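Each chain, letter by letter, is given below.
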Amino acid sequence: ELKVEQNPLFLSMQEGKNYTIYCNYSTTSDRLYWYRQDPGKSLESLFVLLSNGAVKQEGRLMASLDTKARLSTLHITAAVHDLSATYFCAVTPEGAQKLVFGQGTRLTINP
Amino acid sequence: DAMVIQNPRYQVTQFGKPVTLSCSQTLNHNVMYWYQQKSSQAPKLLFHYYDKDFNNEADTPDNFQSRRPNTSFCFLDIRSPGLGDAAMYLCATSGGVLGQGTEAFFGQGTRLTVV
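Residues numbered from 1 in each chain as written. Chains lettered and ligands numbered in written order. Predicted model: local features only at pLDDT ≥ 70, side-chain atom pairs only at ≥ 80, totals over all residues. Heavy atoms only, no water.

1. Some points on the environment of A:Tyr87
All names here are of chain A.
- Note on placement: Tyr-87 falls in strand S9 (residues 85-91).
- On a C-alpha basis, the gap between Tyr-87 and Leu-43 in space is 9.1 Å, while along the polypeptide they are 44 residues apart.
- In contact with Tyr-87, other than residues within four places in its own chain, are Gln-6, Ile-21, Tyr-35, Arg-36, Leu-46, Leu-61, Leu-74, Gly-104, Thr-105 and Leu-107. (Helix = DSSP H or I, 4+ residues; strand = E, 2+ residues; numbered from the N terminus. Contact = heavy atoms within 4.5 Å.)

2. Comments concerning the packing of aromatic side chains
- Following the criterion strictly, the structure yields eleven aromatic pairs over all chains and no others.
- Between the aromatic rings of B:Phe73 and B:Phe75, the centroid separation amounts to 6.4 Å while the plane-to-plane angle is 15°, which identifies the pairing as stacked.
- On the basis of relative accessible area, B:Phe73 is assigned to the partly exposed category, the value being 36%.
- Chaining the aromatic ring pairs together yields one cluster made of A:Tyr35, A:Phe88, A:Phe101, B:Tyr33, B:Tyr35 and B:Phe106. (Phe/Tyr/Trp six-rings, centres within 6.5 Å; stacked < 30°, edge-to-face > 60°. Buried < 20%, exposed > 50% of the residue type's maximum accessible area, 1.4 Å probe, protein only.)

3. Some words on empty space enclosed by the protein
- Under the criterion given, the structure shown has one cavity of 30 Å³ or more.
- Roughly 30 Å³ of internal volume is contained in the largest cavity.
- Together, A:Gly40, B:Arg9, B:Tyr10, B:Met88, B:Gln108, B:Gly109 and B:Arg111 line the largest cavity.
- Split into classes, the residues belonging to the lining of the largest cavity amount to two nonpolar, three polar and two charged. (1 Å grid on protein atoms, 1.4 Å probe; cavity = no way out; pocket = protein on both sides within 12 Å on 5 of 7 lines; lining within 4 Å. Points joined across faces, edges and corners; volume = space filled by probe spheres on them. Nonpolar A, V, L, I, M, F, W, Y, C, P; charged D, E, K, R; others polar.)

Spelled out as structure tokens, the structure:
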């Protein structure tokens, strides 16, 4: 059974700092997604990573995928308060038509 | 414009009283999903439709059923809601097999409260 683990689960940081969220998964997959969720809201798609070595950037967020290590990272550069949210990674297992989510990382950015 | 629309946004139902949540989409996607997300947890897939083919997750309780009368609409029926079924229910769609150049698009969710 595919397991997806995020680290850390809670992250409190100051504005202006850099940090990285890690997403490990347990079986072969080359399809990884990052979502953002604000409290009480739905999931907003951030990145879709479809191949080994894929790197995507949007504003202060950058995501990468290493399929050999079964690891994806979400890097936050010079954090601002508006980035406070819960971030989920999700993986599509090979041959399965579904997303398996990590536990989520609750990010709080303090002024 | 919203492309995956869930109604209602908030639903309060009585313990044991059947309830139906609805989802519609304007994307003409052939796959529709229902996820359950309990407080401070990750979304968990209940089932999905690939066109008219229904695919139930092995651990989805029998209390949960779904209908897809046409491409645009999908319903989640909870036959006898219990207190443990209180959650956010998320509908999503995708235009084919996930990962092959496609991704899932989520609706705004329906927050279900059971009293």
